[in-house]
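# Observations on the three-dimensional arrangement
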Amino acid sequence: MSSSVIPYGKQDISQDDIDAVVAVLKSDFLTQGPQVPAFEKAVADYCGAKHALAVNSATSALHIACLALGLGEGDWLWTTPITFVASANCGLYCGAQVDFIDINPRTYNLCADALEQKLIVAQANDCQPKVVVAVHLCGQPCEMEKIHRLSQRYGFRIIEDASHAIGGRYQDKPIGNGRYSDITIFSFHPVKIVTTAEGGMVVTNDKALAEKMELLRSHGITRDPALMTHKPDGGWYYQQVELGFNYRMTELQAALGVSQMQRLDQFVAKRHQLATRYDQLLSELPVITPYQLANGYSGLHLYVVRLKTEQLKRSHREIFDELREAGIGVNLHYIPVHTQPYYKQLGFKQGDYPQAESYYSEAISLPMFPLLSEADQDRVIEVLTKVLQ
Ligand SMILES: *Cc1c(COP(=O)(O)O)cnc(C)c1O
């Protein structure tokens, strides 16, 4: 039995992954070479989407997705409070205002019924959102069909934040296929399902959105005369047609991504195997195990349990601390965004989203990653059983 800390998430890097990155180091291109388009094609093909653009993080992906959808001053972006801050911050980057929809107490994703109620009120006050960011928390898909139906009735655009969900499915189609949204974004941070160290991707079926995001990813500069407002001065000429950024991914990262994509299905299958084992081993303990949608297949980035606190002698915080002290690297995903001091200063307050706050007072993310051994998983259960007594 190891006495080191078992983290909540960790990358799985093979010799093939290492060889792929080393090969790039020995090649002519460290950036803007063939690996980035190869990675984009691998993800687009996997998802069944027409266009994919690699960027340097999912946060950058969210930013250019919002800009491409025309989000700006005077607009609203709505998302869930139970997400990483980036899903909301992207609205603020664009000068828009951010608001939240409370979560569904079973799936922990934004509640489609609460969204509908809020849209009815917003329509009466003429302040409907321009963009809704639907976050597939833990990899579990949101109720996309209903959210899409609402988008058509109330006229908003949809970004799927699938940072947790690559390799997952909804209504038997890969997440990212874009049937119910305008743009889907992925994260390739090392704790996520596939990694490029840092990295992200936008995928869409809309050619105009893809072209716009391609410009925004690289300074708003084009070398394509068809996209220029003025004729080229000569062969050297490029033109800035937008205010863009340098959000490009490197060849090293993309090569790692291409290599990792080959094991995506294997990674997600292993996560499901671990989750099934957790479900069984936790069945007698005073915790609620993750609910799985019948018409979805989760990417299972996270395995979150909720403590049945009313049955416990110790507090959520005490249990969390004791797990950490015993070397179980548990985490909490996430602190409700509206309770962050930065968001409180924008006018949000404790009590605004009761389901999200109740979730926050009970949730714990247990270790979940493909290289988690059964022995380590047993140690997690053993310690958890002890601290829950
Ligand atoms: C990780 C994450 C992000 C940000 O990803 P980066 O690649 O680190 O920028 C955004 N949204 C969610 C839900 C995430 O989990």
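Bear in mind the structure is a predicted one, so any value in this text is a computation, not a measurement.

It is worth spelling out the site of the ligand at this point. Every one of the 15 residues lining the ligand counts as a neighbour, but Thr59, Asp161, His164, Ser187 and Lys192 are closest to it. Taking Ala58, its main chain carries an N or O atom lying 2.9 Å from an oxygen atom of the ligand. Separating an oxygen atom of the ligand from a side-chain N or O atom of Lys192 is a distance of 3.0 Å. The cavity that encloses the ligand is the second largest pocket. Residues belonging to the shell around the ligand are distributed by class as follows: five nonpolar, eight polar and two charged.

Here the focus is the nonpolar core. Ranked by size, the top nonpolar core spans 76 residues in total, and within it Leu282 and Leu366 carry the most contacts. Each of domain 1 (11-261) and domain 2 (264-388) contributes no fewer than three residues to this core. Those residues within four positions of Leu282 in sequence are excluded, and the remaining contacts are Val287, Thr289, Tyr303, Val305, Leu366, Ile381 and Leu384. Core analysis: the next-biggest nonpolar cluster, separate from the first, contains 42 residues, Ala44, Trp78, Ala162 and Ile193 among them.

Turning to helix α7 (residues 207-217), its buried residues number three or more, namely Leu209, Ala210, Met213, Leu215, Leu216 and Arg217. Two residues or fewer past α7, His219 is found with a positive phi of approximately 70°.

This paragraph deals with the sheet that holds strand β8 (residues 183-187). Overall, mixed pairing links the seven strands, which are arranged β1-β9-β8-β5-β4-β2-β3 in an open sheet. Looking along the sheet, the strands with just one partner apiece sit at the ends: β1 (51-55) and β3 (97-100). When the angles between neighbouring strand axes are averaged without regard to direction, this sheet yields 20°. Sitting on the sheet, helix α5 (residues 112-124) is in contact with β2 (76-79), β3 and β4 (131-135), with an inclination near 160° to β2.

Okay, the pairing of strand β9 (residues 200-204) next. Working note: regular strand, side chains alternate between the two faces of the sheet. Within β9, five of the five residues are buried, leaving the element largely enclosed by the surrounding structure. Bridging between β8 and β9 involves four bridges; their strand directions are antiparallel. Across the sheet, Ile185 pairs through a bridge with Val202, a residue of β9.

Let's shift gears to a nonpolar patch on the surface. A contiguous nonpolar patch, built from Ile13, Ile18 and Val22 and spanning about 210 Å² of accessible area, is present on the exposed surface. Tracing the backbone through its elements, the reader meets Ile18 in helix α1 (residues 15-25). Relative accessible area serves as the criterion here: at 40%, Ile18 is assigned to the partly exposed category.

Definitions and cut-offs
Residues numbered from 1 in each chain as written. Predicted model: local features only at pLDDT ≥ 70, side-chain atom pairs only at ≥ 80, totals over all residues. Heavy atoms only, no water. Near = heavy atom within 4 Å. Polar contact = N/O pair within 3.5 Å; in protein donor to acceptor, adjacent residues only side chain to side chain. 1 Å grid on protein atoms, 1.4 Å probe; cavity = no way out; pocket = protein on both sides within 12 Å on 5 of 7 lines; lining within 4 Å. Sits in = over half its atoms within 2 Å of the grid points. Nonpolar A, V, L, I, M, F, W, Y, C, P; charged D, E, K, R; others polar. Core = buried A, V, L, I, M, F, W, Y, C linked by side-chain atoms within 4.5 Å. Buried < 20%, exposed > 50% of the residue type's maximum accessible area, 1.4 Å probe, protein only. Domains from an automatic or database assignment. Contact = heavy atoms within 4.5 Å. Helix = DSSP H or I, 4+ residues; strand = E, 2+ residues; numbered from the N terminus. Pairing = 2+ DSSP bridges. Axes fitted to C-alpha atoms, helices over the stretch in contact; angles between N-to-C directions. Patch = residues over 30% accessible without salt bridge, like charges linked within 9 Å, V, L, I, M, F, W, Y side chains within 5 Å. Areas by Shrake-Rupley, 256 points an atom, 1.4 Å probe, with all protein chains shown as cover. Salt bridge = Lys/Arg side-chain N within 4 Å of Asp/Glu carboxyl O.

In short, shape yes, function no, at least from these values alone.
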